[in-house]
Amino acid sequence: MEPHRGTLNVATKPAKEAGLDNQICDLKNDELAELQAVTSEMVRLMETAAVPILAVDGNGLVNGWNQKVAELTGLRIDEAIGRHIITLVKESSIPIVQRMLYLALQGREEKEVRFEVKTHGSKRDDGPIILIVNACSSRDLHDHVVGVCFVAQDMTVHKLVMDKFTRVEGDYKAIVHNPNPLIPPIFGVDQFGWCSEWNAAMTKLTGWHRDEVIDKMLLGKVFDSSNASCLLKNKNAFVRLCIVINSALAGEEAEKAPFGFFDRNGKYIESLLSVNRKENEDGAIAGVFCFIHVPSDELQHALHVQQASEQTAVKKLKAFSYMRYAINKTPVRGALKSTGLNEEQMRHVHVADSCHHQLNKILADLDQDNITHKSSCLDLEMAEFLWQDVVVAAVSQSLIACKGKGIRVSCNFPERFMKQKLYGDSIRVQQILSDFLFIAVKFSPVGGSVEISSKLTKNSVGENLHLIDMELRIKHQGIGVPAEILSQMYEEDSKEQSEEGMSLLVSRNLLRLMNGDVRHLREAGMSTFILTAELASAPPASGQ
């Protein structure tokens, strides 16, 4: 029978052979799917890895650049893909990368190779990235090497720390061994107890050279109470030194501990010893440095002068203490109270008594470390007083100076204010007013005048208490107080301070304790001190 026209007569394979081909095809598809799954997983791991990973094909062109390496270098993934790896590393690292790439493409994977990668964009000024890299050969289905994957560890920060430590190590050695006389004697000991440092100043002090003590046991060979380079006085001195050194090695540093030893010629050296720990690049204690403080001739002279000054100061304080005692034991009012004085005479006694208290208060202030400093602990009392009593006592202290220069002092206060009962430290207010008034009189021309006036502002705090913002003006004729004295009123740490400047400074600090201050105005032929302070008063009782 003829075959049907138009039909291609193709001989078909036996069913057994066709089934084998299908099995081979299915096997290849399975391998390909598995390879795709592995590749997908590798890409995912590479993208999410916390370490830098980059990959290249057989020609060295980048086909993998994860987010971490992009972050470190400043080069985006899309900018890196397709570039030759040689263009991305520092010139000094090119031979290293070429060798590593060549060997990896041959299937020979190098481990822990260091090379540097360039930085870009915002990271350009930070310098190259230092990587420690492991090479991994990439293979196809037939186990042929088709590329290389570089898995790296960023060592940039570690390198910077090491460089810094190396610089510090070099700096300290340069300082320790500097022959400059300002460098103190220094010796060191490592964590095992061996003498590791002995500078030129130490050689000069002890007579023992560096090569005679280095690498010897510090405790026992270099310092000991017997059979050592530098002999200590006794066993107790050796034990104390052992405690200081071992405590420092344990982290407890010593500052200026008493230390004495005999030098090479038998001269006993008295000094102070400071011990500081030495740390390695990991921050662990690697030994200690010991600094010897020996007073020089200049320092000993300065100490002698200081001791003499302190002795003089103590004598002056004793003298002031006696003056205060003598003033306290003979109060003016108590001595004259029962002598039958009339009212006018008793007013004079009251003024003298106020001046007596003022002088005693000033002498008591001498116990302060620095009465001219605003932070000194000058105390303020709170007691009732009449403003009139304060004004009369303050003005009376300037009467002799006024009489000598023919100066008239006028007080322009409202009568109700003169009789006002106030609360505060009347003696301090009296001291302030008398000081500024005396300065005004001193720098007024002969035959001039001084005027004292006031301005009060009451602020009610409650039903039974008012706060009074007081402003006093002391106006006098003439060009006023010299500028250099006025400047001392505002300079607490002035090295050169006159008696007038110190008086103004102390009074200003007292005003500031009362929430006030002082200003100075110059006008045509007139000068004015403006004092402000905060006092308290009780409202008058009803019917008064």
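Here the structure is shown first, and the text comes after it.
Residue numbers run consecutively from 1 along every chain, following the written order of its sequence. Residue-level local features of this predicted model are given only where pLDDT is at least 70; pairs of side-chain atoms are given and counted only at 80 or more, and the full residue set underlies all totals for whole chains, interfaces and linings. Derived side-chain values reflect all non-hydrogen atoms in the structure, with water molecules and hydrogen atoms excluded from consideration.

What follows deals with the overall build of the protein chain. Across its full length, the protein chain holds 17 helices and 19 strands. Considering only contacts in the protein chain between residues 6 or more positions apart, those separated by 24 or more positions represent 56%. With the model as given, the accessible surface of the protein chain reaches about 32700 Å², and the carbon-plus-sulfur share is 54%. Starting at the N terminus, helices and strands are each numbered in turn, a helix being any DSSP run of H or I of at least four residues and a strand any DSSP run of E of at least two. Between two residues, a contact is recorded if the distance between any of their heavy atoms is within 4.5 Å. Under the convention used here, a 1.4 Å probe and the Shrake-Rupley method define accessible areas, while residue burial counts only the protein chains that appear.

To define axes, lines are fitted to C-alpha atoms, for helices over the stretch in contact only, and angles between the resulting N-to-C directions are given on a 0 to 180 degree scale. Packing of helix α12 (residues 387-396) against helix α15 (residues 426-442) brings their axes to within 8 Å, and their N-to-C directions diverge by 40 degrees. When the axes of α12 and α15 are compared, the pair comes out oblique. Handedness of the crossing formed by α12 with α15: right-handed. Seen from α12, the contacting residues are Trp387, Val390, Val391, Ala393, Ala394 and Val395; seen from α15, they are Ser426, Val429, Gln430, Leu433, Ser434 and Leu437. Residues are grouped as follows: Ala, Val, Leu, Ile, Met, Phe, Trp, Tyr, Cys and Pro are nonpolar; Asp, Glu, Lys and Arg are charged; all remaining types, including Gly, are polar. By residue class, the composition of the contact of α12 with α15 is nine nonpolar, three polar and no charged. Here the word oblique covers every angle except those under 35 degrees (roughly parallel), over 145 (roughly antiparallel) and from 65 to 115 (roughly perpendicular). A clockwise turn of the near helix away from the far one marks a right-handed crossing, whereas an anticlockwise turn of less than a right angle marks a left-handed crossing.

What follows deals with the packing of aromatic side chains. For Phe, Tyr and Trp, where Trp contributes only its six-membered ring, two rings pair if their centres lie within 6.5 Å, and the inter-plane angle classes them as stacked under 30 degrees, edge-to-face over 60, or tilted in between. Here the structure, examined in full by the defined rule, presents twelve aromatic pairs. Both rings, one in Phe223 and one in Phe259, keep their centres 5.6 Å apart while their planes meet at 70 degrees; by these two values the pair is edge-to-face. Of this pair, Phe223 sits in strand β8 (residues 223-224) while Phe259 sits in strand β10 (residues 254-262), placing them 36 residues apart in sequence. Since its relative accessible area comes to 8%, Phe259 is described here as buried. The rings of Phe187, Trp198, Phe223, Phe259 and Phe261 are connected pair by pair, giving a single aromatic cluster. The lysine or arginine in question, Lys233, covers the ring of Tyr268, its NZ or CZ lying 4.5 Å from the ring centre. Over the ring of Trp208 we find Arg264, and its NZ or CZ is 3.9 Å from the ring centre. Per-residue accessibility, obtained with a 1.4 Å probe over protein chains only, is compared with the maximum for each type, and a residue is labelled buried under 20%, exposed over 50%, and partly exposed between these values. The criterion for a charge sitting over a ring is simple: Lys NZ or Arg CZ within 6 Å of the ring centre, and within 35 degrees of the ring normal.

Time to look at the pattern of salt bridges. Here a salt bridge means any side-chain nitrogen of Lys or Arg lying within 4 Å of a carboxyl oxygen belonging to Asp or Glu. If you walk through the whole model with that rule in mind, you get 15 salt bridges. Here Asp143 makes a salt bridge to Arg139, at a shortest N to O gap of 3.9 Å. By relative accessible area, which is 51% here, Asp143 ends up exposed. A relative accessible area of 38% places Arg139 in the partly exposed class. Here the salt bridges do not stand alone but share partners, grouping Arg76, Asp78 and Glu79 into one network.

Note on strand geometry: in a regular strand, side chains alternate between the two faces of the sheet. Direction of pairing for strand β18 (residues 517-523) relative to strand β19 (residues 526-537): antiparallel, over a ladder of seven bridges. The residue bridging Asp517 from the neighbouring strand is Thr532, located in β19. A pair of strands is considered paired only if DSSP assigns at least 2 bridges between the two.

Mapped onto the elements of the fold, His476 is located in strand β17 (residues 465-477). For His476 and Leu437, which are 39 residues apart along the polypeptide, the C-alpha to C-alpha distance reads 9.3 Å. Within the structure, the side chain of His476 is placed 3.2 Å from the side chain of Ser444, a separation counted as a polar contact. N or O atoms closer than or at 3.5 Å make up a polar contact, with two conditions inside protein: a donor-capable atom paired with an acceptor-capable one, and, for residues adjacent in sequence, both atoms drawn from side chains.

Whenever a pair of cysteine sulfur atoms sits within 2.5 Å, that pair is classed as a disulfide. Taken as a whole and assessed by the stated rule, the structure comprises zero disulfides. A disulfide-free cysteine, Cys136 has its sulfur positioned 5.7 Å from the sulfur of Cys149, the nearest such atom. The exposure class assigned to Cys149 is buried, which follows from its relative accessible area of 14%.

Think of a sheet as strands paired side by side through backbone hydrogen bonds, with each pair either parallel or antiparallel. Pairing in this open sheet of five strands is antiparallel, and the strands run β2-β1-β5-β4-β3 from one edge to the other. Both outer strands of the open sheet, β2 (62-65) and β3 (113-117), are each paired with one neighbouring strand and no more. The average angle at which neighbouring strand axes cross in this sheet is 30 degrees, direction not considered. Relative to strand β4 (residues 129-139), β3 is paired through five bridges, and the arrangement is antiparallel. Bridging across to β4, Val113 finds its partner in Val133.

Among buried residues, those of type Ala, Val, Leu, Ile, Met, Phe, Trp, Tyr and Cys that are joined through side-chain atoms within 4.5 Å constitute a nonpolar core. The biggest cluster of nonpolar side chains holds 40 residues, and the ones touching the most others in it are Trp387, Phe413, Phe436, Met470, Ile474, Phe529 and Leu531. Contributing elements (two or more residues each) for this core: α12, α14 (415-418), α15, β16 (449-462), β17, α16 (483-488), α17 (499-513) and β19. Looking at this core, the element that brings in the most residues is α15, giving eight residues. Filtering out sequence-adjacent residues up to four positions away, Leu531 remains in contact with Ile432, Phe436, Met470, Glu471, Leu472, Ile474, Leu511, Asp517 and Val518. Counting residues in hydrophobic clusters, the runner-up holds 30 residues, among them Leu205, Cys230, Leu273 and Cys290.

Turning our eyes to something else, we now look at the environment of Phe417. With respect to the helices and strands, the residue Phe417 is situated in helix α14. Exposure remark for Phe417: the relative accessible area of 1% places this residue in the buried category. On a C-alpha basis, the gap between Phe417 and Leu456 in space is 8.8 Å, while along the polypeptide they are 39 residues apart. Those residues within four positions of Phe417 in sequence are excluded, and the remaining contacts are Trp387, Leu422, Ser454, Leu456 and Met470.

Turning our eyes to something else, we now look at the packing of α15 against α17. Where α15 contacts α17, the axes come no closer than 10 Å and their chain directions differ by 145 degrees. Crossing angle aside, the handedness with which α15 passes α17 is left-handed. Where α15 approaches α17, its residues Arg428, Gln431, Ile432, Asp435, Phe436, Ile439 and Lys442 are matched on the opposing element by Glu500, Ser503, Leu504, Val506, Ser507, Leu510 and Leu511. Residues of the contact of α15 with α17, tallied by class, amount to seven nonpolar, three polar and four charged.

In this analysis, the expected span of each helix is defined as 1.5 Å times one less than the number of residues it contains. For helix α4 (residues 94-105), spanning twelve residues, the distance from its first C-alpha to its last is 16 Å, which sits close to the expected 16 Å at 1.5 Å a residue. Val97, Met100, Leu101, Leu103 and Ala104 are the residues of α4 that are buried. Viewed end-on, α4 has its buried residues packed into an arc of 165 degrees, placing them on one side of the element. Exposed residues pointing more than 90 degrees away from the buried face of α4 are listed as Pro95, Arg99 and Tyr102. Of the surrounding elements, those touching the buried residues of α4 are β1 (53-57), β3, β4 and β5 (145-154). At the C-terminal side of α4, Gly107 shows a positive phi close to 90 degrees. The directions from the helix axis to the C-beta atoms are what the arc is built from.

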